[in-house]
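# A look at the structure
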Amino acid sequence: METCVKTYRMLTLGGYPKEWRPTKCRHCQAQGKFHHHGHFTRKLYTLDEILEIVIFRFKCISCGRTFGLFPPFLIPHRGAALDVQEQVVREMDKCQSLQTVAENLDLPTESYSEKGLWRWKKDWDRLRASLDPSFWTRVLTHFPHLRIPQGAEKPGTGWGWTFLIWEQIRHQLTSQVGVAVPGVG
């Protein structure tokens with residue numbers, strides 16, 4: 001994850017890249033022009049450090065509303081990067097209690113509350129449940145050589161399957177695209 005965050009910071013030093021500009025309003029869904037409408041900074045807590053990133057704002061010509069464009073590693077109103085949240089979900093999937101996960105989470109910031117971690121897990125569960133079955137068909141179509149374990153190797157939970165597939169896809173994406181994908185060593 002850290003590579004993505006640092007790359008984002010480097011690419012946005014001179015302002016928002018033109019090729020990243022929005023093409024559709026998140027409020028009225030209008031396609032069209034948007035005015036750059038300033039920016040603000042956010043602290044981002046990763047597994048290793050606290051970084052400051054810039055979030056750029058745009059104003060829709062059609063409806064007049066503004067919105068910030070958040071990078072893919074950050075969820076609005078959440079200070080922790082996705083890799084931190086993923087670690088929490090992985091630990092909870094191992095049947096660890098919220099209290100144990102909260103106590104063992106080694107971050108360069110104050111510890112998160114159990115309620116906060118519970119919210120993350122709930123959000124991630126909701127997202128996973130919203131995946132349409134055709135999503136998995138597309139994954140298997142695009143990555144036909146995935147290793148599907150059988151017998152005792154089979155994951156016992158939905159998250160176990162999701163993370164197993166994700167690890168394989170990450171490695172294949174890295175070799176196909178030639179770009180470092182977060183979490184790939």
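For the structure, check the block above.
Residue indices begin from 1 for each chain and proceed along its sequence in written order. Where local features are concerned, this predicted model is filtered to residues with pLDDT of at least 70; where side-chain atom pairs are given and counted, the filter is 80 or more; whole-chain, interface and lining totals use all residues. Where side-chain values are given, they derive from all heavy atoms of the structure, hydrogens and water being excluded.

### A word on the packing of helix α2 (residues 82-93) against helix α4 (residues 114-130)
Working note: a packed helix pair is described by the angle between its axes plus the distance between those axes. What counts as an axis is a line fitted to C-alpha atoms, over the stretch in contact for a helix, and the angles between N-to-C directions run from 0 to 180 degrees. The secondary structure listing takes helices from DSSP runs of H or I that are at least 4 residues long and strands from runs of E that are at least 2 residues long, numbered from the N terminus. Interaxial distance between α2 and α4 falls to 10 Å at its minimum, and their mutual angle equals 90°. In terms of their interaxial angle, α2 and α4 are classed as roughly perpendicular. Taken together, the residues of α4 that come into contact with α2 (itself represented by Leu-82, Val-84, Gln-85, Glu-86, Val-88, Val-89 and Met-92) are Leu-117, Trp-120, Lys-121 and Trp-124. If an angle is under 35 degrees, it is roughly parallel; if it is over 145, roughly antiparallel; if it lies from 65 to 115, roughly perpendicular; otherwise it is oblique. The contact criterion used is simple: two residues touch if any of their non-hydrogen atoms lie within 4.5 Å.

### A look at the nonpolar core
Here, nonpolar core refers to any group of buried Ala, Val, Leu, Ile, Met, Phe, Trp, Tyr and Cys residues whose side-chain atoms link them within 4.5 Å. The buried label applies to any residue whose accessible area, calculated with a 1.4 Å probe on protein chains only, is under 20% of its type's maximum; exposed applies above 50%, and partly exposed to all values in between. Counting residues in hydrophobic clusters, the biggest one holds 17 residues, and the most contacted among them are Ile-53, Phe-58 and Phe-73. Every element with two or more residues in this core is listed here: α1 (2-11), β1 (34-45), β2 (50-60) and β3 (66-69). Sorting elements by how many residues they give to this core places β2 first, with six residues. Beyond its immediate chain neighbours, meaning those up to four positions away, Ile-53 contacts Val-5, Tyr-8, Arg-9, Phe-40, Thr-41, Arg-42, Pro-71, Phe-73 and Leu-74. The next biggest cluster of nonpolar side chains, apart from the first, holds 10 residues, and it includes Ala-80, Val-84, Ala-102 and Leu-117.

### Quick word on the pairing of β3
Looking at chain direction, β2 and β3 are connected through four bridges and run antiparallel. Its bridge partner being in β3, Arg-57 is matched across the sheet by Gly-68. A pair of strands is labelled paired if DSSP reports no fewer than 2 bridges between them. Joining the antiparallel neighbours β2 and β3 is a turn of five residues, in which Gly-64 adopts a positive phi near 80°.

### Focus: the sheet that holds β1
Read across the sheet, three strands follow the order β1-β2-β3 without closing on themselves; strand pairing throughout is antiparallel. Every other strand in the sheet has two partners, leaving β1 and β3 as the edge strands with one partner each. Averaged over all adjacent pairs, the angle separating strand axes in this sheet is 30°, with direction ignored.

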